[in-house]
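# Observations on the model geometry
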Amino acid sequence: MMKLLRIALALSLFITQSYAQTIKPGVGTSGTDLRPGVGASGFVTTCSQASDFIARTTGFSNTDKTNYDNLICGMVTDGDWANLDALYVGAAPNQTASLLNLVSTSFALSLTGSPTFTANQGWTGGATGNYVSGVALTTLSKYIRNDASLSGWEYTDRASTNAGLMNASGIQQISPLFTATASVRVNGGGVTFVNTSSRGHFCGRRTTSTLQEAYFNGVSQGTDATASSAVVSGVPQLPQTNNTFKWSFFHFGNSTVDCTRVYNRLRTFATAVGIP
């Protein structure tokens, strides 16, 4: 009898130890990692901001998650993330994600007409009435009249085209190529500079009532001293209606956002998804 009891006790201890070895701290019996920043796929984000955004998406591979984690956490490290109202990645893996604001659950984009989405590239307008609708810039808290920044990335390379990667009543506007020049307007005025290609990242910063600066692919293209205009309440068209631009990224924030740093982070993402 005692021999049977000893055998039963030994078997019980063996089973208990074996079970304990299969269950890791923070990991459920289904294999789902329950630790913060770790999803069912085992992907680990490197900052809470990336974790918050990825939790709002579906259909992302671990490669997709890595691209977003590098972008978001890189901008957190740079100090630019806290100064953004909105950041949109048109070059998303799926259409739903492309309309989300990476910064918060506010300010999601919507569709007007039937613009065309291409995964890992972005949104194309086309005939009149087909564009992605932004949000009224007057509803943003960081983008204000004399302290503002905006940027857009045009995917396609054109020899000649017209204005309108982004337009809000001509007061806030990005024109990648118009008669061999490009222009960026941040609350009135605008910087116009020589340009031969519509492809790339166009960024503008207004730092005072009489000073704004434009950048193309992270390089300053000049300044403008025209007095600022009030932020218009109209909703920006992305791209402007009756245009065939294809946009891959947009941001809106205050002037502390550094155009060169933003370009570098977006360039890394763009390269990862195959954008020239």
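The following paragraphs examine the structure supplied in this document. (Residues numbered from 1 in each chain as written. Predicted model: local features only at pLDDT ≥ 70, side-chain atom pairs only at ≥ 80, totals over all residues. Heavy atoms only, no water.)

### Topic: the overall build of the protein chain
Check the secondary structure of the protein chain and you find five helices and 15 strands. Looking at the protein chain residue by residue over its 276 residues, the buried ones come to 49%. Residue pairs in contact within the protein chain that sit at least 24 positions apart in sequence constitute 60% of those at least 6 positions apart. When the accessible surface of the protein chain is totalled, it reaches about 12,200 Å², and 55% of it is carbon and sulfur. (Helix = DSSP H or I, 4+ residues; strand = E, 2+ residues; numbered from the N terminus. Buried < 20%, exposed > 50% of the residue type's maximum accessible area, 1.4 Å probe, protein only. Contact = heavy atoms within 4.5 Å. Areas by Shrake-Rupley, 256 points an atom, 1.4 Å probe, with all protein chains shown as cover.)

### Side note on the environment of Gly 129
Relative to the helices and strands, Gly 129 resides in the loop between β4 (122-124) and β5 (131-133). Put simply, Gly 129 and Pro 115 are 14 residues apart on the chain and 8.7 Å apart in space, counted from C-alpha to C-alpha.

### Considerations on helix α5 (residues 259-273)
The periodicity of an α-helix, 3.6 residues per turn, causes residues three or four positions apart to be oriented the same way. Here α5 is 15 residues long and its end C-alpha atoms lie 21 Å apart, about the 21 Å a rise of 1.5 Å per residue gives. Buried residues belonging to α5 abut α3 (62-78), β1 (84-89), β6 (148-154), β11 (200-208), β12 (211-216) and β15 (246-253). Of the residues trailing α5, Gly 274 is marked for its positive phi of about 90 degrees. (Expected span 1.5 Å × (residues − 1).)

### Section: the pairing of β11
Most of β11 sits inside the fold, with seven of its nine residues counted as buried. Pairing between β6 and β11: seven bridges, direction antiparallel. From the neighbouring strand, Ser 151 faces β11, where its bridge partner is Cys 203. Linking β11 back to β12 in an antiparallel pair, the connection comprises two residues. (Pairing = 2+ DSSP bridges.)

### Thoughts on the environment of His 201
The residue His 201 is located in strand β11 in this model. Exposure remark for His 201: the relative accessible area of 1% places this residue in the buried category. For the pair His 201 and Trp 247, spaced 46 residues apart in sequence, the C-alpha separation works out to 9.7 Å. Not counting the four nearest positions on each side in its chain, His 201 is found in contact with Ser 151, Gly 152, Trp 153, Tyr 215, Phe 216, Asn 217, Cys 259, Val 262, Tyr 263 and Leu 266. Within the structure, the side chain of His 201 is placed 3.0 Å from the side chain of Ser 151, a separation counted as a polar contact. (Polar contact = N/O pair within 3.5 Å; in protein donor to acceptor, adjacent residues only side chain to side chain.)

### Some points on the pattern of salt bridges
This model, assessed by the stated rule, comprises three salt bridges. For Arg 261, the salt bridge identified is with Asp 80, shortest N-O distance 2.7 Å. With a gap of 181 residues between them, Arg 261 in helix α5 and Asp 80 in the loop between α3 and β1 connect regions that are remote in the sequence. Given a relative accessible area of 31%, Arg 261 falls into the partly exposed group. Classification of Asp 80 as buried rests on a relative accessible area of 0%. In this structure, Glu 213 engages Arg 205 in a salt bridge whose closest nitrogen and oxygen atoms are separated by 4.0 Å. (Salt bridge = Lys/Arg side-chain N within 4 Å of Asp/Glu carboxyl O.)

### Some details on unusual backbone geometry
In this chain, Leu 238 is followed by Pro 239 through a cis amide linkage whose omega measures -10 degrees. Located in the positive-phi region is Asn 187, a residue other than glycine, with phi close to 60 degrees. Inspection of the secondary structure assignment puts Asn 187 in the loop between β9 (181-185) and β10 (191-194). Backbone geometry places Asn 217, a non-glycine residue, at a positive phi of 50 degrees. Following the sequence through the fold, Asn 217 ends up in the loop between β12 and β13 (219-224).

### Some points on the environment of Asp 157
By secondary structure assignment, the location of Asp 157 is in the loop between β6 and β7 (166-168). Between the C-alpha atoms of Asp 157 and Gly 200, which are 43 residues apart in sequence, the distance is 8.4 Å. Apart from the residues within four sequence positions on either side, Asp 157 is in contact with Ser 197, Ser 198 and Arg 199. Within the local environment of Asp 157, its side chain forms a polar contact with the side chain of Ser 197, the two groups lying 2.6 Å apart.

### Quick word on empty space enclosed by the protein
Tallied over the full model, the rule gives one cavity of 30 Å³ or more. As for the largest cavity, its lining consists of Asp 64, Asn 67, Tyr 68, Ala 91, Pro 93, Asn 120, Phe 269 and Val 273. Take the lining of the largest cavity: its biggest share by element is three residues, from α3. Of the residues in the lining of the largest cavity, the class split is five nonpolar, two polar and one charged. (1 Å grid on protein atoms, 1.4 Å probe; cavity = no way out; pocket = protein on both sides within 12 Å on 5 of 7 lines; lining within 4 Å. Points joined across faces, edges and corners; volume = space filled by probe spheres on them. Nonpolar A, V, L, I, M, F, W, Y, C, P; charged D, E, K, R; others polar.)

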